[in-house]
Amino acid sequence: MSRWKVLPAELDPRVRQLVVRLRRLKDHSGLSIRQLAARTGYSAKSWERYLGARSLPPTEALEALARTCGEDPARLLALREVAAEGWTATPEQAPTAGHLSSPETAPRSPERRALRIALVAGSVTLVLAVSSAVLVTVRIMNANNTGSPTASSTTTTRSAAPLAAPTAAPPYSCRIQQSDGRWYAGNSRTQQENLAVGDIGPDVAEAQCLLRRAGISPGGIDGIFGPLTEHAVKAFQKRSGLVVDGMVGPHTWKALRG
């Protein structure tokens, strides 16, 4: 059970009712703030604001929380609607103009999403068109000045270089070895770090290597906790008699390290 900070006495009762309900759902789920963020798609900082009554959670965040905790979303949405009427416009609690335009505090309608996608796609198309025009102009000017196809080709290649995609980071490697009765893969020595879908880095790569050592493929050793890694973790947990939640915690680390 989390030890929550006492809510301000001046907080509107309607807002207090919503926040208390959210805190109880979070406690009942047994998830940490970080795990809750991974499950719902909203950042840990956002949930700290929602659960601390510093920001009114958007409807999409409440729907994601309801799915995660097995709660009826209609009840949470009804509480939010009532709380919105009592939301006090103070620097600590009220959503600012910046918050209202943020994806974490104000849900976008399908029309706004479609408009945003169209604008981004149009911008990319315009950049590519301008780049192509510049390359053609350079090629023509170079051909007129030198008459050499080789020189023209070289100029075009150099001009096009900045448009190339950046080189992907090299994958992690698995250097499996045993020390003091525990297995390590050379990426991380943690035994406590909680990992879930959406996490990235050497701790994830370490877990992937140890899953592969255990005979369960997590996909590539890329340090990205995606669906394939989650499926591999669940299979390992089931085989090891652990709670099957698809997340790597202290108990799963202990079993992976042997």
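Relevant structure appears above.
Owing to the predicted nature of the structure, the values given are computational and were not obtained by experimental measurement.

For this particular structure, what's the right way to read the pattern of salt bridges?
Close approach of charged atoms allows side chains with opposite charge to pair. Under the criterion given, the structure shown has 5 salt bridges. In this structure, the salt-bridge partner of Arg-34 is Glu-193, at a minimum N-O distance of 2.5 Å. Taken together, the residues span a long stretch of sequence, with Arg-34 in helix α2 (residues 33-40) and Glu-193 in the loop between β2 (182-184) and α9 (202-213) at a distance of 159 residues. According to the relative accessible area criterion, Arg-34 is partly exposed, its value standing at 41%. The partly exposed category is assigned to Glu-193, whose relative accessible area is 26%. Of the charged contacts in the structure, one is a salt bridge between Arg-34 and Asp-199, with a shortest N-O distance of 3.5 Å. Separated by 165 residues along the polypeptide, Arg-34 in helix α2 and Asp-199 in the loop between β2 and α9 bring together distant segments of the chain. Asp-199 sits in the buried class, given a relative accessible area of 13%.

How should helix α3 (residues 44-51) be read in this particular structure?
Considered for burial, the residues of α3 that qualify are Ser-46, Trp-47, Arg-49, Tyr-50 and Leu-51. Structurally, α3 contributes buried residues whose contacts are with α1 (13-29), α2 and α4 (59-69).

Even after reading the chapter, I still don't get the nonpolar core, so can you show me in this structure?
Nonpolar side chains in soluble globular proteins tend to end up buried together. One finds Val-15, Leu-18, Leu-22, Trp-47, Leu-65 and Leu-76 to be the most contacted residues of the largest nonpolar core, which totals 28 residues. Residue assignment for this core shows that the elements contributing at least two residues are α1, α2, α3, α4 and α5 (73-85). Ignoring anything within four residues of it in the chain, the contact list for Leu-22 reads Leu-51, Pro-57, Leu-62, Leu-65 and Leu-76. Counting 14 residues, the second largest nonpolar core, distinct from the first, contains Val-204, Leu-211, Ile-216 and Phe-225.

Definitions and limits used
Residues numbered from 1 in each chain as written. Predicted model: local features only at pLDDT ≥ 70, side-chain atom pairs only at ≥ 80, totals over all residues. Heavy atoms only, no water. Salt bridge = Lys/Arg side-chain N within 4 Å of Asp/Glu carboxyl O. Helix = DSSP H or I, 4+ residues; strand = E, 2+ residues; numbered from the N terminus. Buried < 20%, exposed > 50% of the residue type's maximum accessible area, 1.4 Å probe, protein only. Contact = heavy atoms within 4.5 Å. Core = buried A, V, L, I, M, F, W, Y, C linked by side-chain atoms within 4.5 Å.

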